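What the coordinates show
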Amino acid sequence: MPATLRDPDRLLPADPGTRAIARELYESVARHRILSPHGHVAAELLAEDRPFADPAGLFVTSDHYVTRLLHASGVSLGELGVGTTDADPRAIWRRFAERWHVFEGTASGYWLREELTGVLGVVSELDPDNADEVYDDIVAQLARPQFRPRALFDRFGIDVLATTDDPLDDLEAHAALQVSGLSGRVVPTFRPDGYLDPDAVDFRERIERLLAATGEPASFTGYLDALRARREHFLRHGGVSTDQGVEEPYTVDLDLNEAERLFTAVIDGTADAADRRAFRGHMLFQMARLSVEDGLVMTVHAGVRRNHSAATHREFGPDTGHDIPVATEFTRNLQPLLESFGLEPGFHLVLFTVDETTYSREIAPLAGFYPSVYVGAPWWFLDAPDAIARFRAAVTETAGFTRGSGFIDDTRAFLSIPARHDTARRADAAYLARLVAEGRIGMPSALRIIDDLVDGLPRRVFKL
Amino acid sequence: MPATLRDPDRLLPADPGTRAIARELYESVARHRILSPHGHVAAELLAEDRPFADPAGLFVTSDHYVTRLLHASGVSLGELGVGTTDADPRAIWRRFAERWHVFEGTASGYWLREELTGVLGVVSELDPDNADEVYDDIVAQLARPQFRPRALFDRFGIDVLATTDDPLDDLEAHAALQVSGLSGRVVPTFRPDGYLDPDAVDFRERIERLLAATGEPASFTGYLDALRARREHFLRHGGVSTDQGVEEPYTVDLDLNEAERLFTAVIDGTADAADRRAFRGHMLFQMARLSVEDGLVMTVHAGVRRNHSAATHREFGPDTGHDIPVATEFTRNLQPLLESFGLEPGFHLVLFTVDETTYSREIAPLAGFYPSVYVGAPWWFLDAPDAIARFRAAVTETAGFTRGSGFIDDTRAFLSIPARHDTARRADAAYLARLVAEGRIGMPSALRIIDDLVDGLPRRVFKL
Amino acid sequence: MPATLRDPDRLLPADPGTRAIARELYESVARHRILSPHGHVAAELLAEDRPFADPAGLFVTSDHYVTRLLHASGVSLGELGVGTTDADPRAIWRRFAERWHVFEGTASGYWLREELTGVLGVVSELDPDNADEVYDDIVAQLARPQFRPRALFDRFGIDVLATTDDPLDDLEAHAALQVSGLSGRVVPTFRPDGYLDPDAVDFRERIERLLAATGEPASFTGYLDALRARREHFLRHGGVSTDQGVEEPYTVDLDLNEAERLFTAVIDGTADAADRRAFRGHMLFQMARLSVEDGLVMTVHAGVRRNHSAATHREFGPDTGHDIPVATEFTRNLQPLLESFGLEPGFHLVLFTVDETTYSREIAPLAGFYPSVYVGAPWWFLDAPDAIARFRAAVTETAGFTRGSGFIDDTRAFLSIPARHDTARRADAAYLARLVAEGRIGMPSALRIIDDLVDGLPRRVFKL
């Protein structure tokens with residue numbers, strides 16, 4: 001079918017009886033405002049509100065989900081404009097149109113079509129023959145006021161949008177947005193990874209900047225106080241959560257002497273691998289302690305080996321499509337953290353994984369006991385219709401619907417936000433419809449649950 | 001729909017054609033007598049045959065599946081009557097009714113509804129407004145003779161019910177039940193974990209009691225003979241199996257000198273972590289040897305980290321909802337045991353897991369070669385409709401239907417037994433119906449298979 | 001239903017609307033010629049073209065998928081003719097007929113029925129009563145010229161069939177087939193495992209034979225040159241790929257001095273476990289280097305513990321049904337190999353697994369970035385309808401349809417080749433039909449994709 005004739009029942013189950021139930025459930029939340037409590041859109045995009053530059057930058061170069069598969073199909077990242085300003089956007093767009101078929105069946109392909117058609121009104125399926133015409137059409141659209149970021153923010157019905165920010169960010173863009181008359185909130189998220197992991201690029205320099213910015217002494221205690229101060233800065237600017245990205249969610253409680261010793265060693269560069277792991281594990285533990293203190297929700301995105309291809313990282317930098325998941329362990333790794341803070345009132349710990357095996361085995365059982373633990377929505381490679389169906393089936397029978405985080409889009413691609421939330425709503429409607437069709441819950445319950453998944457739950461879990 | 005109007009086709013597939021097949025399969029076994037070869041109902045419950053105390057104790061306090069999710073939702077275990085006799089049952093029940101919705105979509109929620117409606121005839125959906133009324137209604141029911149344990153045992157159509165017992169249990173309740181005129185058998189299960197794991201609470205005292213009870217000397221050989229003697233005690237009281245619960249199913253064959261050395265060290269408290277692991281691994285190995293000798297079926301429930309929250313364990317004891325699964329390895333861990341005993345005629349080893357990844361990867365391939373190995377039914381967090389569907393799909397293509405254990409309810413909640421078996425029958429009917437609808441097996445085969453799953457298979461595997 | 005009345009819609013989804021779509025997709029490729037770029041049929045079978053001996057040898061004794069489950073059901077391998085020439089084929093066949101039901105629901109059972117009915121025209125369901133009659137019927141069929149291997153090769157419509165061969169094989173059978181007028185190609189595959197793994201049986205003797213055959217000196221460099229020479233021999237005989245079977249896909253780059261040291265140590269027998277692992281890991285790395293040089297496609301079949309039952313291995317040899325999968329790690333293990341060769345133009349690395357958890361977590365993300373990495377088709381225990389459905393759902397949303405290998409039958413059972421490819425086509429039609437029914441792709445795309453999966457993709461990936 002032409003792209004404009006999207007099936008209104010798309011993503012709903014094929015069985016006609018189940019589909020009718022799913023349609024009713026979906027319709028009941030289809031126009032709810034969007035809550036996006038974790039993502040990677042920059043506040044500057046909205047604060048500056050400049051028109052988007054061109055279709056290639058918007059849909060290809062800036063989206064590592066897209067460059068990733070084009071790269072796998074044989075196009076170099078340089079040809080796609082990654083790490084360079086020399087590339088001709090129209091040439092990039094033609095490359096993309098030629099290889100449009102590599103996205104078929106993928107989540108990215110689905111979102112791209114939704115963006116092109118649903119947001120920009122492109123009326124035909126992209127192909128090499130119409131690439132230039134579509135390009136010109138999009139360029140014309142992007143020049144119009146209603147396609148500038150703030151206008152789209154309003155049109156998308158975004159109620160809350162969280163950004164992800166460096167601890168030393170001044171958050172001026174957020175401050176400006178608070179008084180800008182935008183129809184929803186833009187809140188910062190404290191993302192301290194580069195300041196917690198001794199193996200991070202420029203770790204020592206980061207710590208020096210952090211201590212200098214806060215006037216704290218070069219000791220473990222000073223370092224903790226500096227982090228505490230920057231968290232308060234985020235809180236004052238509307239922040240609701242901190243985010244930790246780790247290859248393993250290892251945690252350990254150390255006494256202060258040992259922590260001071262490790263701090264000195266990681267700054268001096270004398271820490272061995274075991275020391276650096278202990279430091280990371282203790283800092284994940286300390287982030288929980290600070291969340292208990294200040295009330296910021298703690299999210300953990302675990303189990304990704306970053307920058308798998310060193311050659312690509314050297315030439316094109318991070319976030320260029322070769323972060324690859326690894327098997328992840330939560331039960332033992334989080335035990336020290338949960339021993340100390342798992343039963344603390346008001347503490348919220350949201351666990352995200354790209355290792356599906358942990359859903360039924362570890363995360364749902366943990367969230368089914370600890371009042372602080374929430375099952376993070378399907379993340380990254382798992383943020384797609386079939387993966388969402390597997391997620392719901394894996395966690396619901398153990399943890400029900402009240403122990404989840406609500407949907408998280410986690411995207412850098414601003415135009416994909418409505419498509420991603422719509423996908424999640426359709427996927428949840430599909431799952432709930434099956435429970436109704438199989439006599440496992442009643443329709444009134446299903447209607448109440450889907451409303452809560454879209455609205456109440458993320459507000460409660462993220463303290464919005 | 002009101003709870004009383006349960007869908008007679010509940011849990012069957014939504015597609016009308018497949019549902020009709022599933023209904024026929026389900027109906028063919030719906031009224032088969034129940035075989036429950038592994039569970040945690042106490043023999044005393046039936047031997048004493050006292051009326052159940054009150055709805056809170058029956059449905060909430062005693063069921064850690066239920067307290068678990070209520071705890072996660074913010075109610076303390078103390079408020080639910082765990083570890084105390086002070087709590088007001090009616091107040092507990094009101095808490096439960098307020099939070100009834102947290103169970104929606106869970107296996108526990110499904111069983112609870114079946115118990116309330118199917119067993120007790122409660123005619124309305126539980127909610128805060130009718131909590132007192134339902135409470136009083138259940139109290140009145142429980143006072144009636146037909147709701148006493150033995151009457152329910154008969155009404156449920158239980159043919160065999162296995163309990164789980166301490167090796168030093170005198171099994172007097174079992175002996176009494178054998179001459180009580182009960183319409184089915186109640187058989188004990190030998191569960192020696194606390195006597196095999198040096199890290200178990202009061203391990204040394206347990207061993208001393210074991211040796212004293214059997215008159216054996218304090219040596220490894222004496223210890224083995226003591227275990228052998230207690231197994232014989234269980235055999236004389238109708239026992240058919242032994243059960244081992246382990247965090248990892250590690251096994252190792254040691255020579256007698258090394259075993260004696262380890263025995264001395266674990267009793268003296270001088271054994272380090274590696275020694276204790278070796279001792280545990282060797283005792284799992286020895287349990288297989290003893291099963292080859294005496295014919296008791298060996299079941300292994302592997303991969304759970306017990307008592308994850310030490311604070312909760314200290315205050316409320318074990319089995320309070322925070323046993324959390326871990327990734328589990330069978331292929332390498334069981335190789336020493338299977339090298340020695342895997343081909344022994346008459347040896348039955350049933351493997352249970354809460355790590356779904358092992359179904360297709362390890363357990364089905366092992367059971368598809370070794371005549372002694374059987375695929376344990378979905379256990380604990382996996383004992384639910386969607387999880388059962390995943391289990392069947394994961395193991396059947398490799399191991400067929402004849403290498404499974406038959407359904408195991410593994411429950412402490414006596415009233416949930418019929419609901420659990422009914423769920424398994426419906427889930428198996430649903431899976432088989434799909435195979436028939438997809439032309440993969442014929443209907444006569446499917447009818448024969450479901451009959452075998454419910455009746456013949458558990459009898460053969462558990463030597464009933 | 002009788003076996004002859006196989007449902008023409010078998011394996012297609014039950015929902016009528018989805019089934020109609022699936023049928024159209026399946027029909028569009030049902031008669032495509034077969035590409036089998038990885039398998040274990042011997043070239044001699046076709047070169048010699050002798051009639052098949054008897055039904056027992058053909059369907060039971062030679063197929064360890066079949067002997068495996070019969071063994072689990074209590075029949076010894078000796079009774080099935082494994083490792084002996086004394087067994088009476090008719091007695092074996094009767095055993096098989098008695099236990100036909102153990103295969104119900106399994107992939108083997110499905111293929112066996114397809115072979116009996118689809119290839120040999122057996123008109124009734126096998127059972128103990130008709131075992132002799134069916135046996136005689138098959139014997140009569142096998143004596144006819146149209147049931148000799150080459151005639152079946154033509155009838156099956158095989159376009160390319162890859163064998164799997166020892167590096168020192170002279171490939172005379174392949175040479176003979178090239179001029180035999182066969183309607184398709186038979187190509188060898190270089191399988192060097194026994195020459196790369198110091199723990200392989202007769203490793204030292206193999207290396208000596210390898211060096212002697214190529215005239216290379218006993219040094220690491222000589223050893224590499226010898227392997228290079230034998231790969232060239234395979235290339236000259238039409239070989240397109242090399243295959244590596246490993247328990248773990250560990251890779252490591254070593255300098256030449258260290259490699260020479262390890263080579264000496266593994267030949268002398270002085271290498272410890274760490275040395276032997278390093279040697280294996282470096283040789284997997286070197287196989288990638290040689291593939292970059294000579295263009296042979298590199299396939300890796302990882303994650304199987306071979307010969308789990310030592311007693312069975314001693315008595316009956318390898319490939320007797322007790323190779324058991326283990327959890328497998330690709331992300332970290334392959335990083336050294338991919339750092340060096342992952343971006344090399346023309347390098348093709350196809351990853352096969354029997355650990356399903358790696359599909360969405362590791363293999364699809366790797367293949368979604370590295371142009372060299374392809375997602376291997378479901379393998380061994382996973383080569384079955386439900387497992388294929390899980391595979392497609394797990395990898396497609398991340399990697400699409402263009403990063404797969406196309407179907408691989410990997411079989412020793414020549415008669416099962418059409419059934420296996422037909423199963424894969426039906427399973428892919430079922431998956432694509434669901435995407436169409438759910439409005440995720442259009443029918444023209446689905447028709448193009450299924451054609452590519454069956455024909456274009458395997459030709460490109462395996463350079464056919």
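For the structure itself, look to the data block above.
Each value, and the rule that gives it
Residue indices follow the written sequence of each chain, beginning from 1 at its first position. A letter from A marks each chain and a number from 1 marks each ligand, given out in the order of writing. The predicted origin of the model limits local features to residues at a pLDDT of at least 70 and limits the giving and counting of side-chain atom pairs to 80 or more, whereas totals for whole chains, interfaces and linings rest on all residues. In computing side-chain values, all of the structure's heavy atoms are included and hydrogens and water are not. Should any heavy atoms of two residues lie within 4.5 Å, those residues are counted as being in contact. Defined here as a combined quantity, buried area equals the accessible surface (1.4 Å probe) lost by two parts on assembly, summed across both. For salt bridges, the criterion is a side-chain nitrogen of Lys or Arg within 4 Å of an Asp or Glu carboxyl oxygen. Pairs of N or O atoms within 3.5 Å make up the polar contacts considered here, provided that, within protein, one atom can donate a hydrogen while the other can accept it, and that residues adjacent in sequence are counted only when both atoms are side-chain atoms. For this scheme, ten residues count as nonpolar: Ala, Val, Leu, Ile, Met, Phe, Trp, Tyr, Cys and Pro. Four count as charged, namely Asp, Glu, Lys and Arg, and the remainder, Gly too, count as polar. Strands here mean DSSP runs of E at least two residues long; helices mean DSSP runs of H or I at least four residues long; both are numbered from the N terminus. Between buried and exposed lies partly exposed: a residue is buried under 20% and exposed over 50% of the maximum accessible area for its type, with that area taken using a 1.4 Å probe on protein chains only.

1. Examining the interface of chain A and chain C
- Counting from both sides, the interface comprises 48 residues of chain A and, opposite them, 42 residues of chain C.
- In this assembly, chain A packs against chain C so that about 3600 Å² is buried in total across both faces, 52% of it on carbon and sulfur atoms.
- Among the residues chain A hides against chain C, the three largest losses belong to A:Glu104, A:His308 and A:Asp386. Together they make up 19% of the total.
- Here chain A is connected to chain C by five salt bridges.
- Its salt-bridge partner being C:Arg434, residue A:Asp386 comes within 3.0 Å of it at the nearest N-O pair.
- Our count for the contact surface shared by chain A and chain C stands at 24 residue pairs in polar contact (both at pLDDT 80 or more).
- Classifying every residue of the side of chain A that touches chain C gives 22 nonpolar, 13 polar and 13 charged.

2. What to know about the environment of C:Phe401
- As for its position among the elements, C:Phe401 is in the loop between α18 (385–399) and α19 (417–437).
- Judged by its relative accessible area of 5%, C:Phe401 falls in the buried class.
- Apart from residues no more than four positions distant in its own chain, C:Phe401 is found in contact with A:Glu104, A:Gly105, C:Arg392, C:Thr396, C:Tyr431, C:Leu432, C:Leu435, C:Ile449, C:Leu453 and C:Leu457.

3. Some remarks on the pattern of salt bridges
- Summed over all chains, the structure comprises 132 salt bridges over all chains.
- Between A:Arg277 and A:Glu248 there is a salt bridge; the shortest N-O distance is 2.5 Å. With A:Arg277 in helix α14 (residues 273–294) and A:Glu248 in the loop between β5 (241–246) and α13 (256–268), this residue pair connects regions lying 29 residues apart in the sequence.
- Since its relative accessible area comes to 33%, A:Arg277 is described here as partly exposed.
- Between B:Arg231 and B:Asp294 there is a salt bridge, with its nearest N and O atoms 2.7 Å apart. One end of the pair, B:Arg231, is in helix α12 (residues 220–236); the other, B:Asp294, is in helix α14 (residues 273–294), and 63 residues separate them in sequence.
- The exposure class assigned to B:Arg231 is buried, which follows from its relative accessible area of 0%.

4. Describing the environment of B:Ala377
Residue and element names in this part refer to chain B.
- Mapped onto the fold, Ala377 is located in the loop between β10 (373–375) and α18 (385–399).
- Owing to a relative accessible area of 6%, Ala377 belongs among the buried residues under this scheme.
- Between the C-alpha atoms of Ala377 and Thr353, which are 24 residues apart in sequence, the distance is 8.7 Å.
- For Ala377, the contacting residues outside a window of four places in its chain are Phe352, Phe391, Ser405, Gly406, Phe407 and Ile408.

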